[in-house]
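Per-entry structural report
Chain residues, written in single-letter form:
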Amino acid sequence: MSLNVDRAGMAFTFKGGMLPMTVMELASADPEQIREQLSGKLSQSPAFFQHTPVVLSVEKLDEPHLALERICAVCRTHKLLPVAVRGGSDPVKQSAWALGLGWFPPSDGTRSRVLEEVPPTEPARGAEPEATIPTASGGRIYRGTVRSGQQISAPEGDLVVVGAVNAGAEVLAAGSIHVYGALRGRALAGIHGDIQAGIFCRELRAELLSVAGTYKRMEDIDPHLLGSSVQVTLSDAQLGITALD
Amino acid sequence: MAKIIVVTSGKGGVGKTTSAAAIATGLALRGNKTVVIDFDVGLRNLDLIMGCERRVVYDLVNVIQGEAGLNQALIRDKRVDNLHILPASQTRDKDALTAEGVEKILDTLDKDFDYILCDSPAGIERGAQLAMYYADEAVVVTNPEVSSVRDSDRILGLLASKTRRAERGEDPIKEHLLITRYNPARVTEGDMLNLEDIREILAIDLIGLIPESEAVLRASNQGVPVTHDDSSDAGQAYMDTVSRLLGEDVPLRFHEIQKKSLLSRVFGGGRR
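Since the model is a prediction, treat every value here as computed from it, not as a measurement. (Residues numbered from 1 in each chain as written. Chains lettered and ligands numbered in written order. Predicted model: local features only at pLDDT ≥ 70, side-chain atom pairs only at ≥ 80, totals over all residues. Heavy atoms only, no water.)

**Side note on the overall build of chain B**
Along its length, chain B carries 13 helices and eight strands. Counting across all 272 residues of chain B, residues that qualify as buried make up 53%. Considering only residue pairs separated by 6 or more positions, chain B has 74% of its internal contacts joining residues 24 or more positions apart. With the model as given, the accessible surface of chain B reaches about 12,400 Å², and the carbon-plus-sulfur share is 46%. (Helix = DSSP H or I, 4+ residues; strand = E, 2+ residues; numbered from the N terminus. Buried < 20%, exposed > 50% of the residue type's maximum accessible area, 1.4 Å probe, protein only. Contact = heavy atoms within 4.5 Å. Areas by Shrake-Rupley, 256 points an atom, 1.4 Å probe, with all protein chains shown as cover.)

**Structural notes on the overall build of chain A**
Looking only at helices and strands, chain A has three helices and 15 strands in total. Element-wise, carbon and sulfur atoms account for 53% of the exposed surface of chain A, whose accessible area totals about 12,700 Å².

**Considerations on the UniProt feature "binding site: ATP" (unreviewed entry) in chain B**
All names here are of chain B. Within this structure's numbering, the places UniProt gives as "binding site: ATP" (unreviewed entry) are K11, G12, G13, V14, G15, K16, T17 and T18. Within the fold, G12 resides in the loop between β1 (3-8) and α1 (16-29). Here G15 is to be found in the loop between β1 and α1. For G15, a relative accessible area of 17% gives the class buried. Other than its neighbours up to four places away in sequence, G15 contacts V141 and Y238. (UniProt positions renumbered as here; feature names shortened; annotations may be inferred.)

**Focus on the nonpolar core**
Formed by 86 residues in total, the largest nonpolar core has its most connected members in I23, I37, L109, I116, L117 and L159 of chain B. Broken down by element, the residue count for this core peaks at seven residues, all from α1 of chain B. Those residues in contact with I37 of chain B that lie beyond four places of it in its chain are L46, L60, L86, L106, L109, I116, L117, C118 and D119 of chain B. Among the nonpolar cores identified, the runner-up in size contains 30 residues, and A197, A206, I221 and V232 of chain A belong to it. (Core = buried A, V, L, I, M, F, W, Y, C linked by side-chain atoms within 4.5 Å.)

**A short note on the sheet that holds strand β13 (residues 214-217) of chain A**
Backbone-to-backbone hydrogen bonds join strands into a sheet, with any given pair of strands oriented parallel or antiparallel. Residue and element names in this part refer to chain A. An order of β6-β8-β10-β12-β13 is seen for the five strands of this open sheet, with the pairing classed as mixed. The sheet terminates laterally at β6 (151-154) and β13, the two strands that pair on one side only. Ignoring which end each strand starts from, the neighbouring axes of this sheet average 5° apart. Pairing of strand β8 (residues 170-173) with strand β10 (residues 186-189) involves three bridges; the strand directions are parallel. When the sheet's bridge partners are listed, L172 is paired in β10 with L188. (Pairing = 2+ DSSP bridges. Axes fitted to C-alpha atoms, helices over the stretch in contact; angles between N-to-C directions.)

**Looking at the environment of S232 of chain B**
Residues and elements named next belong to chain B. For S232, the location among the structural elements is in the loop between α11 (214-222) and α12 (233-245). On the accessibility criterion, S232 (0% relative accessible area) is buried. Sequence spacing of S232 and S213 is 19 residues, and the spatial spacing of their C-alpha atoms is 8.2 Å. For S232, the residues in contact, after removing those within four places along its chain, are A215 and V226. Within the local environment of S232, its side chain forms a polar contact with the backbone oxygen of D229, the two atoms lying 2.8 Å apart. (Polar contact = N/O pair within 3.5 Å; in protein donor to acceptor, adjacent residues only side chain to side chain.)

**Here we look at the sheet that holds strand β6 (residues 137-142) of chain B**
Residue and element names in this part refer to chain B. The eight strands lie next to each other as β3-β4-β2-β5-β1-β6-β7-β8, forming an open sheet whose pairing is mixed. The open sheet has two free edges, formed respectively by β3 (75-76) and β8 (205-211), since each of these has just one partner strand. Sheet topology note: the strand β7 (residues 174-182)/β8 ladder contains five bridges and is parallel. Across the sheet, residue L177 finds its bridge partner in β8, namely L206. Running over the sheet, helix α10 (residues 195-202) touches β6, β7 and β8 and is turned about 150° from β7.

**A short note on a nonpolar patch on the surface**
A surface patch of nonpolar side chains, about 290 Å² in accessible area, is lined by I141, V162 and Y180 of chain A. Assignment of secondary structure puts I141 of chain A in strand β5 (residues 140-143). (Patch = residues over 30% accessible without salt bridge, like charges linked within 9 Å, V, L, I, M, F, W, Y side chains within 5 Å. Salt bridge = Lys/Arg side-chain N within 4 Å of Asp/Glu carboxyl O.)

**What about the interface of chain B and chain A?**
Chain B puts ten residues into the contact, and the matching count from chain A is ten residues. Contact between chain B and chain A buries roughly 830 Å² in total, counting both sides, with carbon and sulfur atoms accounting for 38%. Contact with chain A buries area across many residues of chain B, yet R150, D153 and I201 of chain B alone supply 50% of it, more than any other trio. R184 of chain A is paired through a salt bridge with E200 of chain B; the nearest N and O atoms lie 2.9 Å apart. (Buried area = accessible area lost by both parts, 1.4 Å probe.)

**A look at helix α3 (residues 90-98) of chain A**
Residues and elements named next belong to chain A. Along α3, the residues classified as buried are V92, K93 and A96. Buried residues of α3 fall within an arc of 100° about the axis and therefore sit on the same side. Of the surrounding secondary structure, the elements contacted by the buried residues of α3 are α2 (68-77), β3 (80-86) and β4 (102-104). (Arc of directions from axis to C-beta.)

**Considerations on the pattern of salt bridges**
Under the defined criterion, the tally for this structure stands at 23 salt bridges over all chains. A salt bridge links R44 of chain B to D47 of chain B, with the nearest nitrogen and oxygen atoms 3.0 Å apart. One continuous salt-bridge network, built from bridges that share partners, spans R217, E219 and D220 of chain A.

**Some points on unusual backbone geometry**
Not every positive phi belongs to a glycine, and A237 of chain A is a case in point at roughly 60°. Structurally, A237 of chain A can be placed in the loop between β14 (230-235) and β15 (238-243). With a phi angle near 50°, A203 of chain B is a residue other than glycine that sits in the positive phi range. As for its position among the elements, A203 of chain B is in the loop between α10 and β8. On the basis of relative accessibility, which here comes to 45%, the residue A203 of chain B falls in the partly exposed class.

Right under this line is the structure:
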């Protein structure tokens, strides 16, 4: 049933996850200018600077080469812990790696506030779903009935459907799926591997339920739960369905 | 300004053409200038149901391709003055229909008629999409049966996305549910989906409920739209549907097993 390989006796397991992460978007590549601003901030809100992990976003900078090492040093002296760099040219990527930092591709650029998980570069293994980085912003609310043949997706966050999802329809989300109505079609949550995602609905009639690649077909669902209001979550690589009321 | 109403369903054999003919007849009987267009190119049926098959000379495709004028192709109904039929071609296929051609015809008819009914072919391909593309309202014909309900659901999705109103971001097409072949006794026995289940799944307004009736089959074979049979349950149900389309508030009938039916069966009188 499960696409995830998860066995006892292993030294570790890879898990997708979402952690809140501060993105420090650089508008200047000048370490001195950064130092000045950081000093000001540090005196204003010292509580924030507690070895806080940050992702340095250099997307807004148009410079092929950055004094990345010096910028990192400035951050560390102000108790910020750069863990990765986002965006930038190929040399920037190389120097990030050389400094032991992760590198993320540029975001779509429309969001000012992002939550990101920062795994080190993970080797893919077997049939495991790729440990991509789920971003938890950019959810979507759909009002109305999702009809047979329609596909509604929230590729970056949660999907909320205020209405029913009819048989033959498909709803997908990087995060959780909430259906305020009957869920008669297919629902796939955590499509990028977020195992914390869940599916919530007012009336369970689903053709297929999936969280992070682990799925259940309608005939695998306990018939007693059909028609009730439920939540579907992943625990120990098993899809659990529990009644909400 | 004519109102363009598409009669559609996705699934075949649920009663689209019967309903298009019956509703068009009803609208005309109520004094509206009405034309009903058969979009089922290659499987022409509307002319049979309307009883004008012997008077077809030119058809929809001839007009689109400029081989005949619209007035040459329009057939005046023998029974009702205000009613015209534009038949489909039986020898061509649906690729002969073009969006521009259909639009031109509808624009011309718009000036002379109050209602334009488009009888859609089954399926979700070109013919069905062209029949619905220019519509202002849609009558979605559904049988009390799961596959019909699912196909209607699919069509409703297309009505909300693949039509001119949707593409231009105008007010959405007004969608009406017409349930046909409803048999309250079989619903009670669990052989058929009940009215409430269908309404819940499709989540649109009910415009009419046509009971399963021998009168429908008889009407089809005689080429007389069932609306003319005003003593029949189906004829009355279609007339109710027409009244609701015209904005009147008419109570729903024929959805329950008639309480009197046992008595009337005992005494052998009355028809449901």
